Amino acid sequence: MRPEEIKARLILKGITQAEIARRLKVSRGAISQVISGRERNQRIRKAIARALGLKVSDIWPEER
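For clarity, every value in this text was computed on a predicted model and none was experimentally measured. (Residues numbered from 1 in each chain as written. Predicted model: local features only at pLDDT ≥ 70, side-chain atom pairs only at ≥ 80, totals over all residues. Heavy atoms only, no water.)

(A) Structural context of helix 4 (residues 42–52). Residues Ile-44, Arg-45, Ala-47, Ile-48, Ala-49, Ala-51 and Leu-52 constitute the buried set of helix 4. Tucked into the core, helix 4 has its buried residues touching helix 1 (3–13), helix 2 (17–24), helix 3 (28–36) and helix 5 (56–59). Put simply, Asn-41 is the residue that caps the front of helix 4, since its side-chain oxygen is 3.0 Å from the backbone nitrogen of Arg-43. Phi turns positive, to about 70°, at Gly-53, one or two residues after helix 4. (Buried < 20%, exposed > 50% of the residue type's maximum accessible area, 1.4 Å probe, protein only. Helix = DSSP H or I, 4+ residues; strand = E, 2+ residues; numbered from the N terminus. Contact = heavy atoms within 4.5 Å. Polar contact = N/O pair within 3.5 Å; in protein donor to acceptor, adjacent residues only side chain to side chain.)

(B) Just the nonpolar core, in detail. Ranked by size, the top nonpolar core spans 18 residues in total, and within it Ile-6, Leu-10, Ile-20, Ile-31, Ile-48, Ile-59 and Trp-60 carry the most contacts. Among the elements of the structure, helix 1, helix 2, helix 3, helix 4 and helix 5 are those that each provide at least two residues to this core. Sequence-distant contacts of Ile-31, that is, excluding residues within four places in its chain, are made with Gln-17, Ile-20, Ala-21, Leu-24, Val-26, Ile-44 and Ile-48. (Core = buried A, V, L, I, M, F, W, Y, C linked by side-chain atoms within 4.5 Å.)

(C) Structural detail: the pattern of salt bridges. Per the counting criterion, the structure on display carries three salt bridges. Ionic pairing is found between Arg-2 and Glu-4, a salt bridge with its closest N-O pair at 3.4 Å. Overall, the relative accessible area of 52% leaves Arg-2 in the exposed class. Residue Arg-45 pairs with Glu-62 through a salt bridge whose shortest N-O separation is 3.2 Å. (Salt bridge = Lys/Arg side-chain N within 4 Å of Asp/Glu carboxyl O.)

(D) Quick peek at the side chain of Gln-17. Residue placement: Gln-17 occurs in helix 2. Assessed through its relative accessible area of 12%, Gln-17 is described here as buried. In contact with Gln-17, other than residues within four places in its own chain, are Lys-7, Leu-10, Arg-28, Ile-31, Ser-32 and Ile-35.

Purely geometric numbers; function is a separate question.
See the structure below:
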């Protein structure tokens, strides 16, 4: 899934990157880095997938 799609789905769900960052006690930048594909943090990927109601592999197919 492209970064723009992830961001759009979060917006449609009413979830902000800042909200995920607060829950995980990480920076909003860390969330952005994972969404953009520059970082591969599993904990953050799992949180994003959970927020979207998807599997990590649905968002990042290389995780299959």
